[in-house]
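Survey of secondary and tertiary structure
This is what each chain is made of:
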Amino acid sequence: MPNANPADLGSVDLPPLDVPLPDRDMRSKRPPVLSFLLRWSTLRRAARVLSLLALDLGAIILAIFTALCLKAVVRDAWDPHVSWEQSKDYVPFAFLVASLLFARSGLYAERSQRPGLTRIVASLFQTTLVALIFAVVNGEEFSSYYIFYGTLFFSVAYVSTARFAYEQATGALLSAAGYKRRAILVGTGEQIEAVAHALQASGGHSPVQVIGFISLTPRPDNGLRSLGPLEEIGDIVSAHKADEVIIADPAFPQQQAVELVDTCHQRGVVVRIAPSTMEILIHRAEFVPGQSVPLFELKPPVFDGIDFAMKRTFDVAVSTILLVALSPLLVLTAAAVRLTSRGPIFYQSWRPGIGGVPFPCLKFRTMYHDADRRQAELEESNEASGALFKMRHDPRVTKVGRLLRRFSLDELPQLINVLRGQMSLVGPRPLPQRDFDRLEDWHKKRYLVLPGITGLWQVSGRSDLDFDDLVRLDFLYLERWSVFLDLTILVKTVPAVFTRRGAF
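Quick notes on the rules
- Residues numbered from 1 in each chain as written.
- Predicted model: local features only at pLDDT ≥ 70, side-chain atom pairs only at ≥ 80, totals over all residues.
- Heavy atoms only, no water.
- Helix = DSSP H or I, 4+ residues; strand = E, 2+ residues; numbered from the N terminus.
- Buried < 20%, exposed > 50% of the residue type's maximum accessible area, 1.4 Å probe, protein only.
- Contact = heavy atoms within 4.5 Å.
- Areas by Shrake-Rupley, 256 points an atom, 1.4 Å probe, with all protein chains shown as cover.
- Pairing = 2+ DSSP bridges.
- Right-handed = clockwise from strand over helix to strand, strands pointing away.
- Salt bridge = Lys/Arg side-chain N within 4 Å of Asp/Glu carboxyl O.
- Polar contact = N/O pair within 3.5 Å; in protein donor to acceptor, adjacent residues only side chain to side chain.
- Axes fitted to C-alpha atoms, helices over the stretch in contact; angles between N-to-C directions.
- Parallel < 35°, antiparallel > 145°, perpendicular 65-115°, else oblique.
- Left-handed = near helix turned anticlockwise from the far one by under 90°.
- Nonpolar A, V, L, I, M, F, W, Y, C, P; charged D, E, K, R; others polar.

1. Some details on the overall build of the protein
Helix and strand counts for the protein stand at 17 helices and nine strands. For the protein, the residues scored as buried account for 46% of the 504 residues in total. Of the contacts formed within the protein by residues at least 6 apart in sequence, a portion of 74% connects residues at least 24 apart. For the protein, the accessible area works out to roughly 25800 Å², and carbon and sulfur atoms hold 63% of it.

In structure tokens:
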């Protein structure tokens, strides 16, 4: 858990962060269920997933049946009916595991994001391994393990062939319908030229139509139209009805990139990055079918839909378990705070939450009653960089409070905030009003999601890091979120707390 910031006793009314956003803001809440189901994009998404599921089911059935038939032919005892009945016993489990692993690997994602053969083979191999382990654990006996590696071979052949045919057929249909994604390239002159040339090298079959560019450095048109300066990106994407913006320069200035992504997401425009050769090698990027440049989409930093349901379920379940398991420690801590200094047991620190809306962040009181009056005189002793205020030897902290802060026990009441829906177990840390007022605009993008009790800050150096580095960690977490990542951060928080790394 994170170490708390010194904060004033009492509460402060905070105004919400009121930033009007256009109607297409892709970070906003989704429409009601009925409206969502009636949306054309939802129908297309459902049709895509169902068709791919049906394709994979057929390929897996055929693979198992083929493997069993081949085994029977070798033994000179082939009976199609017997092989079919045996296949029906294996198909449900094999398809369930395969479909889950395929979904985890993004094989049911949009056409522009679906990976290729490498991910298919890896997922089918994992499916075979899971099936083998399940069979062994359940005491199943086989004269040989041919059924596993035989089915794997035919599954790779059939699934990859079926999906290749699917990509070709749907690509031809989209091309015949004149489907194109209107894109704007952003970067420097040389990089824009290279990406534009690569997108056009496919002979007109690329689904991306480059309508122009925005260059950070002077650049001649050379067949592409300059659309204006980067400062007018919002008006430009709206005026040209762009579907996506492609950052063509891997060395694009990070602060301008954050503003660009936020501006585009406000208008419902997807942002992608055309990586450099070195980045492709490092991340082992795969070729994306249908275009000659692998493009990586930057998701809007928001949890909604299935992601929000998964994260919220995880938060409620784990926080409930922790509250029950830690109840004796909570009682002892409360008694220690009450008996060693005057004042309430709990302190409500009003802090901006999601969207800048204030909420009472709960914690065990760790300061003396006059802490609020002494804040101003201690500003010159601040040891943290940027907007944060931290002191290793803050005179306002009680003896018990210093122990609680050292092991982050003062943060345990925030599990109640999680149950209330005001916080998440893992996420960007909520800052006091004093720190919030000192944030730059690009820092405030971290308030687009629920704040967390712990996060990458706390497992990556805590107070030893520069503030800008901490904000970058928040952005990294938002882009790569998964339940597994939340669980990993929670596990790593325990040694980070007990080693007291960066805590004061």
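Here the narrative resumes.
2. Examining the pairing of strand β4 (residues 270-273)
Pairing of strand β3 (residues 244-247) with β4 involves four bridges; the strand directions are parallel. In the strand pairing of β4, Val245 is matched with Val271. Crossover β3 to β4 through helix α8 (residues 254-266) is right-handed.

3. Here we look at the pattern of salt bridges
In the structure shown here, the tally under the stated rule is eight salt bridges. Of the charged contacts in the structure, one is a salt bridge between Lys88 and Glu85, with a shortest N-O distance of 3.3 Å. In this pair, Lys88 and Glu85 both sit in helix α3 (residues 80-104), three residues apart, roughly one turn of the helix. Under the relative-accessibility criterion, Glu85 is labelled partly exposed at 32%.

4. What about the pairing of strand β6 (residues 346-352)?
In terms of strand pairing, β6 meets strand β7 (residues 358-364) through seven bridges, oriented antiparallel. Following the sheet pairing, Phe346 is matched in β7 by Phe364. Where β6 hands over to β7, the hairpin turn is made up of five residues, of which Gly355 adopts a positive phi near 70°.

5. Some words on the side chain of Arg267
Here Arg267 is to be found in the loop between α8 and β4. Within the local environment of Arg267, its side chain forms a polar contact with the backbone oxygen of Thr263, the two atoms lying 3.1 Å apart.

6. Re the packing of α3 against helix α4 (residues 117-137)
Relative to each other, α3 and α4 sit at 140°, their axes nearing to 9 Å. Considered as vectors, α3 and α4 are oriented oblique to each other. Relative to α4, α3 is oriented so that their crossing is right-handed. Of α4, the residues touching α3 (which contributes Phe93, Ala94, Val97, Ala98, Leu101 and Phe102) are Ile120, Ser123, Leu124, Gln126, Thr127, Val130, Ala131 and Phe134. Taken together, the residues that form the contact of α3 with α4 break down as eleven nonpolar, three polar and no charged.

7. Some points on the environment of Trp481
Considering the arrangement of structural elements, one finds Trp481 in the loop between α16 (467-479) and α17 (483-498). Residues Trp481 and Asp307 lie 174 residues apart in sequence; the distance between their C-alpha atoms is 9.1 Å.

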